[in-house]
Amino acid sequence: EAQVTQNPRYLITVTGKKLTVTCSQNMNHEYMSWYRQDPGLGLRQIYYSMNVEVTDKGDVPEGYKVSRKEKRNFPLILESPSPNQTSLYFCASSLSRGDNTEAFFGQGTRLTVV
Amino acid sequence: DAKTTQPNSMESNEEEPVHLPCNHSTISGTDYIHWYRQLPSQGPEYVIHGLTSNVNNRMASLAIAEDRKSSTLILHRATLRDAAVYYCILRDKVYGQFYFGTGTSLTVIP
């Protein structure tokens, strides 16, 4: 089954404690991205990757890092989480960056930073 | 920056057709129009996309205005499982970014 898998689904952590949210896709997609969803603001892109070893900032990259060492994995790293990073996070992948391709989204990771 | 405008909410009776409108007056000639929906506690799910011509698939139909400045997602017979937030999106063709607005929250009344 084609899917994007995020882990964990839920996470409560304390300010400053480094964490990683993993994202993996099984469709050999080139393009992967991370979004955060906040009430009243919709989904906003954090980082994206057009292919292995190619990553770039989205609209809200501050406080986040990513890496793309393998095509299937695109982890999101919070080096020193803060309460304003409490949010619902989604990973997405698509065949390419082209606008004629369907994107697949993960189930989401609900992060709470206290 | 959201490039589309949608009503905040709509209601429909079960088993009746639903027309969800979207305005995208700044659309460029090569922008595809995408629709996704998000059910409660889930990630966005692809519904349909198109460029100029009307499109049909098993989930819905997409009607695109001749000037491409607006489009309408049509659910032919709404079911309770169609209750969701529906997003009309123009995908950035250079960086691949989806610009999500706040979408239309569809309520289906039994």
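Provided above is the structure to which this section pertains.
A quick note: this is a predicted structure, and the numbers were derived from the prediction, not measured.

What counts and what doesn't
Residues numbered from 1 in each chain as written. Chains lettered and ligands numbered in written order. Predicted model: local features only at pLDDT ≥ 70, side-chain atom pairs only at ≥ 80, totals over all residues. Heavy atoms only, no water. Helix = DSSP H or I, 4+ residues; strand = E, 2+ residues; numbered from the N terminus. Rg over C-alpha atoms; globule rule 2.2 N^0.38 Å. Buried < 20%, exposed > 50% of the residue type's maximum accessible area, 1.4 Å probe, protein only. Areas by Shrake-Rupley, 256 points an atom, 1.4 Å probe, with all protein chains shown as cover. Lys, Arg positive; Asp, Glu negative; His and termini not counted. Charge placed at Lys NZ, Arg CZ, Asp CG, Glu CD. Salt bridge = Lys/Arg side-chain N within 4 Å of Asp/Glu carboxyl O. Contact = heavy atoms within 4.5 Å. Pairing = 2+ DSSP bridges. Axes fitted to C-alpha atoms, helices over the stretch in contact; angles between N-to-C directions. Disulfide = S-S within 2.5 Å.

(A) Quick peek at the overall build of chain A. In terms of helices and strands, chain A carries zero helices and 11 strands. Relative to the 2.2 N^0.38 estimate, which gives 13 Å for 114 residues, the radius of gyration of chain A is 13 Å and therefore close to what a compact globule would have. Principal axes of the C-alpha set define a box for chain A whose edges measure 40 × 30 × 25 Å. Within chain A, the fraction of its 114 residues that count as buried is 49%. Within the structure as shown, chain A displays about 5400 Å² of accessible surface, and the carbon and sulfur contribution to it stands at 50%. Of the charged side chains in chain A, 13 are positive and 11 negative; the average position of the first set lies 7 Å away from that of the second.

(B) Broad picture of unusual backbone geometry. At the junction of A:Asn7 and A:Pro8, the peptide bond is cis and its omega measures out at -5 degrees in the coordinates. Position of A:Pro8 among the secondary structure elements: in the loop between β1 (4-7) and β2 (10-13). For A:Asn28, which is not a glycine, the phi torsion comes out positive at approximately 60 degrees. With respect to the element layout, A:Asn28 can be found in the loop between β3 (19-25) and β4 (31-38). Since its relative accessible area comes to 53%, A:Asn28 is described here as exposed. In this structure, B:Glu15 is a non-glycine residue whose phi angle is positive, near 70 degrees. Relative to the helices and strands, B:Glu15 resides in the loop between β1 (9-13) and β2 (18-23). Looking at B:Glu15, the relative accessible area reads 49%, which means it is partly exposed.

(C) Layout of the pattern of salt bridges. All names here are of chain A. For the structure on display, the rule yields seven salt bridges over all chains. The salt bridge involving Lys65 is made with Glu79; its shortest N-O contact spans 2.9 Å. With Lys65 in strand β7 (residues 65-66) and Glu79 in the loop between β8 (76-78) and β9 (87-94), this residue pair connects regions lying 14 residues apart in the sequence. Judged by relative accessible area, which is 36%, Glu79 ranks as partly exposed. The network of salt bridges with common partners includes Lys18, Lys65 and Glu79.

(D) Looking closely at the environment of B:Ala63. Residues and elements named next belong to chain B. Examined against the element boundaries, Ala63 turns out to sit in strand β6 (residues 61-64). You can call Ala63 partly exposed: its relative accessible area is 25%. In this structure the C-alpha to C-alpha distance between Ala63 and Gln42, which are 21 residues apart in sequence, comes to 26 Å. Residues contacting Ala63, with those up to four places away along its chain left out, are Asn54, Ser71, Thr72 and Ile74.

(E) Spatial organisation of the sheet that holds strand β9 (residues 104-109) of chain B. Residues and elements named next belong to chain B. An order of β1-β9-β8-β3-β4 is seen for the five strands of this open sheet, with the pairing classed as mixed. Every interior strand has two partners, whereas the edge strands, β1 and β4 (45-50), have only one. Each strand axis lies, on average, 25 degrees off the axis of its neighbour in the sheet, ignoring direction. With six bridges joining them, strand β3 (residues 33-38) and strand β8 (residues 84-90) adopt antiparallel strand pairing. Bridge assignment links Ile33 to a residue of β8, and that residue is Leu90.

(F) Structural view of the state of the cysteines. Tallying each qualifying case throughout the model produces two disulfides over all chains. A sulfur-sulfur separation of 1.8 Å characterises the disulfide bridge that pairs A:Cys23 with A:Cys91. Since a negative S-S torsion denotes a left-handed disulfide, the A:Cys23-A:Cys91 link at about -75 degrees is left-handed. Of this pair, A:Cys23 sits in strand β3 while A:Cys91 sits in strand β9, placing them 68 residues apart in sequence. As far as burial versus exposure is concerned, A:Cys23 and A:Cys91 are alike and both buried. At a sulfur-sulfur separation of 2.1 Å, the disulfide partner of B:Cys22 is B:Cys88. Negative torsions about the S-S bond denote left-handed disulfides, and the value of about -80 degrees found for B:Cys22 with B:Cys88 makes this one left-handed.

No statement about biological role is implied by the geometric values presented.
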